[in-house]
There are 2 protein chains.
Amino acid sequence: MADINAIAKQFVDYYYQIFSSDRKNLAPLYRDHSMLTFESQQFQGTNSIIEKIASLPFTSIQHQVSTMDAQPAATDKASMIVLVTGQLITGDESNPLSFSQTFHLIPENGSYYVFNDIFRLILAG
Amino acid sequence: MADINAIAKQFVDYYYQIFSSDRKNLAPLYRDHSMLTFESQQFQGTNSIIEKIASLPFTSIQHQVSTMDAQPAATDKASMIVLVTGQLITGDESNPLSFSQTFHLIPENGSYYVFNDIFRLILAG
């Protein structure tokens, strides 16, 4: 599973880089059957997902990845599950917020798109 | 996606209940192509996964679930992705430890088995 971690890292780095620069440009990474659960709110389809992501009230945002683990999600194709944990650094909050995010990535035309996306902030116990 | 959250909750509650009572009894929930990534260590197959889980150095352990989100993982079958966040309460540590865990559950004979299992402790920043 070494290769898959490298591919997942490349995707996740790219995803969070676009998230920091211009969140609307994440649209090509979703499809109309893609799903986002953001802090228990559910969205389906590229438009609905991007509308939610773009509306998040951060003037600036950076995902600092602490851990990232990937596994093949099927025996018959190159899809993968990725669990990311890390810190969210925003321009509006002085304290970083812990988060966990799960992606289910599906291969298409030599690249990947996000089929499932589940995001949760981790509140201090 | 309301129903799927109820099914996922039932599975996760059952899984953690067995985890607390006798971890070896989790074996029927995995298959030989199942994968576990536990704190970056990778295991494949029921035997290898159960050996790892059974060897964890906790005399007693309880998963307290804070959040649980599920999504359908495919358009053509009832598989699902679940992200759990919560606290791990062990008999050996006085402080609860935050964890995040992702399951990819596959339907089989009216029930589900774990295809992907990724577990991470969340260390305080």
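Residues numbered from 1 in each chain as written. Chains lettered and ligands numbered in written order. Predicted model: local features only at pLDDT ≥ 70, side-chain atom pairs only at ≥ 80, totals over all residues. Heavy atoms only, no water.

**So, the interface of chain A and chain B**
Contact residues are listed per partner, giving 30 residues for chain A and 30 residues for chain B. A combined buried area of about 2,700 Å² lies between chain A and chain B, and 62% of that area is made up of carbon and sulfur atoms. At the boundary of chain A with chain B, the tally comes to two salt bridges. For the salt bridge of A:R120 with B:D69, the shortest nitrogen-to-oxygen distance reads 2.7 Å. Where chain A packs against chain B, one counts 13 residue pairs in polar contact (both at pLDDT 80 or more). Breaking the side of chain A that touches chain B down by element, the ones donating at least two residues are β1 (30–38), β3 (61–72), β4 (80–90), β5 (97–108) and β6 (111–122) of chain A. Tallying contributions element by element places β6(A) first for the side of chain A that touches chain B, with six residues. Its residues placed into classes, the side of chain A that touches chain B shows 11 nonpolar, 16 polar and three charged. (Contact = heavy atoms within 4.5 Å. Buried area = accessible area lost by both parts, 1.4 Å probe. Salt bridge = Lys/Arg side-chain N within 4 Å of Asp/Glu carboxyl O. Polar contact = N/O pair within 3.5 Å; in protein donor to acceptor, adjacent residues only side chain to side chain. Helix = DSSP H or I, 4+ residues; strand = E, 2+ residues; numbered from the N terminus. Nonpolar A, V, L, I, M, F, W, Y, C, P; charged D, E, K, R; others polar.)

**Notes on the relation of the copies chain A and chain B**
The transformation that overlays chain A on chain B combines an axial shift of 0.0 Å with a rotation of 180°, and the residual RMSD is 0.0 Å. Such a turn and shift between the copies fits a two-fold axis. (Least-squares fit on C-alpha atoms with pLDDT ≥ 70 in both.)

**Description of the pattern of salt bridges**
Side-chain pairs of opposite charge can arise where the charged atoms are in close proximity. Inspection of the entire model under this criterion finds eight salt bridges over all chains. In this structure, A:D22 engages A:K24 in a salt bridge whose closest nitrogen and oxygen atoms are separated by 3.5 Å.

**Structural notes on the side chain of B:S79**
Structurally, B:S79 is set in the loop between β3 (61–72) and β4 (80–90). Once you skip the residues sitting within four places of it in the chain, B:S79 turns out to touch B:Q71, B:P72, B:A73, B:A74, B:H104, B:L105, B:I106 and B:P107.

**Overview of the sheet that holds β4(B)**
The strands making up a sheet associate through backbone hydrogen bonding, with each pair oriented either parallel or antiparallel. All names here are of chain B. Pairing within the open sheet is mixed, and its six strands lie in the order β2-β1-β6-β5-β4-β3. The two strands at the open ends of the sheet, each matched to only one other strand, are β2 (41–44) and β3. Within the sheet, the average angular offset between the axes of one strand and its neighbour, ignoring direction, is 15°. Where β3 and β4 come together, 11 bridges link them in antiparallel fashion. Of the residues in β4, the one forming a bridge with H63 is L88. Packing of helix α2 (residues 46–55) onto the sheet brings it into contact with β1 (30–38) and β2, and relative to β1 it is tilted by some 40°. (Pairing = 2+ DSSP bridges. Axes fitted to C-alpha atoms, helices over the stretch in contact; angles between N-to-C directions.)

**Focus on the UniProt feature "domain: NTF2" (unreviewed entry) in chain A**
Under the UniProt annotation, the feature "domain: NTF2" (unreviewed entry) is placed at residues 7–121 of chain A. For residues 7–121 of chain A, helix accounts for 22% and strand for 51%, while the C-alpha atoms at its two ends are 25 Å apart. (UniProt positions renumbered as here; feature names shortened; annotations may be inferred.)

**Comments concerning the sheet that holds β4(A)**
All names here are of chain A. Taking strand neighbours across the sheet as the criterion, the six strands line up as β2-β1-β6-β5-β4-β3 in an open arrangement whose pairing is mixed. Whereas interior strands pair on both sides, the edge strands pair on one side only; in this sheet they are β2 (41–44) and β3. Taken over all neighbouring pairs, the strand axes of this sheet differ in orientation by 15° on average, direction set aside. In this sheet, β5 lies alongside β4 in antiparallel orientation, the contact comprising nine bridges. The partner of L83 across the bridge, within β5, is T102. Packed on one face of the sheet, helix α2 (residues 46–55) meets β1 and β2 and runs near 40° to β1.

**Thoughts on α2(B)**
Residues and elements named next belong to chain B. Among the residues making up α2, those that are buried are T46, I49, I50, K52 and I53. Each buried residue of α2 lies within a common arc of 160° when the element is viewed along its axis, so the set occupies one face. When the buried face of α2 is taken as reference, the exposed residues oriented beyond 90 degrees from it are N47 and E51. (Buried < 20%, exposed > 50% of the residue type's maximum accessible area, 1.4 Å probe, protein only. Arc of directions from axis to C-beta.)

**Quick look at the packing of aromatic side chains**
Residue and element names in this part refer to chain B. Inspection of the entire model under this criterion finds 20 aromatic pairs over all chains. Consider the rings of Y15 and F19, whose centres lie 6.1 Å apart with planes at 40°: the pair is tilted. In this pair, Y15 and F19 both sit in helix α1 (residues 2–21), four residues apart, roughly one turn of the helix. Just as Y15 is buried, F19 falls in that class too. Between Y16 and F99, the ring centres sit 6.1 Å apart and the planes meet at 80°, which makes this aromatic pair edge-to-face. Of this pair, Y16 sits in helix α1 while F99 is found in strand β5 (residues 97–108), placing the two residues 83 residues apart along the sequence. When its relative accessible area of 5% is taken as the criterion, Y16 is described as buried. Residue F99 is classed as buried on the basis of its relative accessible area of 1%. (Phe/Tyr/Trp six-rings, centres within 6.5 Å; stacked < 30°, edge-to-face > 60°.)

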